[in-house]
Structures are given as structure tokens and as C-alpha cells.
Amino acid sequence: MTGFADPVPCLAGALLVGGVAVGLSRRREYILRWCAWAVGVPVVVVALNMGPGGAAVLAASAGAACALEYAGLTGVPRLDRAVLAFAVPVAPVTAWLAPDHLPRVLALTLAAVAMVPVLAGDADGGLSRLCSGVLGVIWFASLAGVVLLGPEVLALFAAVSIADITASFSGRSLGGPPLSRLSPNKHWSGLLAGTVTGLGTLAVLGAFTPAWAIAVAVGAPLGDLVESMVKRGVEAKDSASWLAGAGGLLDRLDSLLLALALALALG
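Computed from a predicted model, the values in this text were never measured in an experiment. Every chain's residues receive numbers from 1 upward, in the order its sequence appears when written. Residue-level local features of this predicted model are given only where pLDDT is at least 70; pairs of side-chain atoms are given and counted only at 80 or more, and the full residue set underlies all totals for whole chains, interfaces and linings. Note that water and hydrogens are dropped before the side-chain values are worked out from all heavy atoms of the structure.

Things to note about the packing of aromatic side chains
Only Phe, Tyr and Trp rings take part, Trp by its six-membered ring, and two of them pair if their centres are within 6.5 Å. Stacked means planes under 30 degrees apart, edge-to-face means over 60, and tilted covers everything else. Counted according to the given criterion, the structure contains 3 aromatic pairs. Ring geometry for Tyr-70 against Phe-140: centres 5.9 Å apart, planes inclined by 80 degrees, an arrangement best described as edge-to-face. Remark: Phe-140 occurs in helix H7 (residues 126–140) and Tyr-70 occurs in helix H3 (residues 52–74); sequence separation between them is 70 residues. Exposure is judged per residue with a 1.4 Å probe applied to protein chains only, and the accessible area is read against the type maximum: over 50% gives exposed, under 20% gives buried, and values in between give partly exposed. On the basis of relative accessibility, which here comes to 1%, the residue Tyr-70 falls in the buried class. Residue class for Phe-140 comes out buried when judged on its relative accessible area of 0%. Taken together, the aromatic side chains of Tyr-70, Trp-139 and Phe-140 make up a single cluster linked through ring pairs. Every helix listed is a DSSP run of H or I at least four residues long, and every strand listed is a run of E at least two residues long, numbered separately from the N terminus.

Pasting the structure below:
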């Protein structure tokens, strides 16, 4: 992308503005979320600035955490959780060390995860375990994009993050028609506001392309709804509870996952 600008000042400015906004709102939930972002954003920036290796470690670590949260949501046995936690990081690590072999390795990873309930001889819940495991590998495979898209992925991260925060704040403030039955607390007003700020962030950073615009405007909100569908299916509010004010890591990365997939597929 020509004219690509450093997104770090944009992220720092967004954190500053967000800090003022959540302080004025005095909402404990927003304040805790801001604190989580204030810690997480520098970690992401440092890791990506370390090159492909740092990006792979970052994506693999995030993938393992998300896989464990997802496995906890779906209620699969411990063996499945352990296998999924080891299988998901394979994609970003392969994208770093052997990108040409990524499709082949992903196919083998899917087969390995699918075989766990088969080899366990689970006649009662085997199909559910198999589907949950395969979905987990496919869902989190897009984290390989953190490595494959290079340093510019930080611009996508910034755009999706700012869009997500704006959508949440605007939707609750403005209200209006709900976005989907999958997530009644989300509104069309929030989607529109988030899309505008997300695309604006891409434009400011010189990272606006049709592929990335679609990734932010379409992939991010749909990614959020995918996780909402999973959580409603198991009647859970959050993917976990360890991240103060934000539930779990999957609750924060759900929008980015599908955005990365579309950015890779269309770009």
C-alpha cells in the first residue's frame, strides 16, 4: 500500500480520546475495557515491530488463549481442549516458518482435530465434538494473517479496534433498531458509526483499499455476530471472565478474526 502511515500515533490518540470519554461516562465497564486496551495495545505494537517472528508469537499466543476460551464455551472434554490449544497456533507459526506449506499443514491440522473423537470412540457426543473442533481450527486460522499481511496489519488492527469501540459506545448512546437477533444489544446506529470511524482510520493511515474497506465494514461486524451466535447457542454472556471488564480475549478479537480472513482472501 502506498502512502502507508505509522498507525501508532493513531492508536495512541484513540487511547487518549477514549480515556477521556470513559472517564466522563463514569461507567465502570468502559473504564475497565479502556484499561485492558491500554495494556494490550503496547504489547501488540511491540510484537509486530519485532518482525514476522514477533507477529507469529503474538498470533500463536492469542490463538491458544482464544481456543481454550472457545473450548470452554462449547464444553468439549479436556482432551479436545488440549488438542485444539496446540492445533490453533500451528497456522501462524507455519505462516512464519513455511508459508508455502500453509494450506497443506492446515488440512493436516483439521484432520488431526477431527480424529480426536473418532479415536476416542465417542458414539454419543462424537459428532458434536468433531464439529466444534473443526470450527475452532477454521475460525482461528485467520490469525495467520497477522504474519502474512506484514507490518501493515497494525493499520487493520487499529481500524477494527476503533470501529468496534465506536460501535459499542454509539449503539448504546443512540439506540434505534437492533442489528440482529443474535445480539439484541447491538444497534444499526452503532454499526454505521463504527463503519465510518473504521474506514476513516484506514483513510488516515493510507491503508484504504477496497479489500480492506470490506474487511472492516463487513468482516468486523459479522465476526462479532459469529461469536454472539456461539455464545447464544451455549447461553453464555462472555467467552471468559479473566479479562477485566471485557470478558475474555475472544470477546475482544472476534471482530478482527473475520476481518483478517477477508483481508487475506480479497487482498
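Structural notes on a nonpolar patch on the surface
Residues form patches when they are more than 30% accessible in relative terms and have no salt bridge. Like charges link within 9 Å. Nonpolar side chains (Val, Leu, Ile, Met, Phe, Trp, Tyr) link within 5 Å. Reported accessibility uses the Shrake-Rupley method at a 1.4 Å probe radius. Residues are deemed covered only where the shown protein chains occlude them. Whenever a carboxyl oxygen of Asp or Glu lies within 4 Å of a side-chain nitrogen of Lys or Arg, that contact is scored as a salt bridge. A cluster of nonpolar side chains, contributed by Ile-214, Val-218, Leu-222 and Leu-266, occupies part of the molecular surface with about 320 Å² of accessible area. Residue position: Val-218 is located in helix H11 (residues 210–233). With a relative accessible area of 38%, Val-218 lands in the partly exposed category.

Quick look at the pattern of salt bridges
On inspection of all chains with the given rule, the structure shows 6 salt bridges. With its nearest N and O atoms 2.7 Å apart, the salt bridge here joins Asp-80 to Arg-129. With Asp-80 in helix H4 (residues 78–87) and Arg-129 in helix H7, this pair connects stretches of sequence that are 49 residues apart. Here Asp-80 matches Arg-129 in class, with each residue buried.

Digging into the nonpolar core
Only buried residues count toward a nonpolar core. Its members are Ala, Val, Leu, Ile, Met, Phe, Trp, Tyr and Cys residues joined through side-chain atoms within 4.5 Å. If you look at the biggest cluster of nonpolar residues, it comprises 57 residues, and the most contacted ones within it are Phe-140, Leu-156, Phe-157, Trp-212 and Leu-260. In terms of residue count, H3 provides more of this core than any other element does, 9 residues in total. Here a residue-residue contact requires only that any non-hydrogen atoms of the pair lie within 4.5 Å. Among residues more than four places away in sequence, those in contact with Phe-157 are Leu-11, Trp-37, Val-41, Val-44 and Leu-256.

Quick notes on helix H5 (residues 90–97)
Of the positions making up H5, those classed as buried are Ala-91, Pro-92, Thr-94 and Ala-95. The arc enclosing the buried residues of H5, seen along the axis, measures out at 160 degrees, which places them on a common side. In this structure, the buried residues of H5 make contact with H3, H4, helix H6 (102–119) and helix H8 (145–148). In this context, the arc is that of the directions from the helix axis out to the C-beta atoms.

Brief notes about the environment of Gly-190
For Gly-190, the position within the fold is in helix H10 (residues 188–204). For Gly-190, a relative accessible area of 2% corresponds to the buried category. Placed 153 residues apart in sequence, Gly-190 and Trp-37 show a C-alpha to C-alpha distance of 20 Å.

Notes on the packing of helix H2 (residues 28–49) against helix H9 (residues 153–174)
All axes here are fitted lines through C-alpha atoms, helices being fitted over the stretch that makes contact, and every angle between N-to-C directions spans 0 to 180 degrees. Interaxial distance between H2 and H9 falls to 12 Å at its minimum, and their mutual angle equals 175 degrees. In this view, H2 runs roughly antiparallel relative to H9, as classed from their interaxial angle. Mapping the contact onto sequence places Glu-29, Tyr-30, Arg-33, Trp-37, Val-41, Val-44, Val-45 and Leu-48 in H2 and Val-153, Leu-154, Phe-157, Ser-161, Ile-165, Ser-168, Phe-169 and Arg-172 in H9. Classification used: nonpolar for Ala, Val, Leu, Ile, Met, Phe, Trp, Tyr, Cys and Pro, charged for Asp, Glu, Lys and Arg, polar for all others including Gly. Residues of the contact of H2 with H9, tallied by class, amount to 11 nonpolar, 2 polar and 3 charged. Oblique is the label for any angle not covered by the other classes, which are roughly parallel (under 35 degrees), roughly antiparallel (over 145) and roughly perpendicular (65 to 115).

Here's the deal with unusual backbone geometry
Unusually for a residue other than glycine, Glu-235 sits at a positive phi of about 55 degrees. Relative to the helices and strands, Glu-235 is located in the loop between H11 and helix H12 (249–266).

Side note on the environment of Leu-15
Turning to its location among the elements, Leu-15 is positioned in helix H1 (residues 8–25). A sequence separation of 106 residues divides Leu-15 from Gly-121, and the C-alpha atoms of the two residues are 50 Å apart. Other than its neighbours up to four places away in sequence, Leu-15 contacts Trp-34, Trp-37, Ala-38 and Val-41.

Description of the packing of H1 against H9
In contact at an axis separation of 10 Å, H1 and H9 are set at 20 degrees when each is read in the N-to-C sense. Considered as vectors, H1 and H9 are oriented roughly parallel to each other. The handedness of the crossing between H1 and H9 is left-handed. Contacts between H1 and H9 involve Val-8, Cys-10, Leu-11 and Ala-14 from the first element and Leu-154, Phe-157, Ala-158 and Ile-162 from the second. Residue composition of the contact of H1 with H9, grouped by class: 8 nonpolar, no polar and no charged. Working rule for handedness: look at the near helix, and if it is turned counterclockwise from the far one by less than a right angle, call the crossing left-handed; if clockwise, right-handed.

So, the confidence of the model for the protein
By definition, pLDDT measures how confident the predictor is in each residue, and it falls between 0 and 100. When the pLDDT values of the protein are averaged, the result is 90; 97% of them are 70 or greater. Averaged pLDDT values for the elements of the protein fall to 77 in H1 and rise to 97 in H5.

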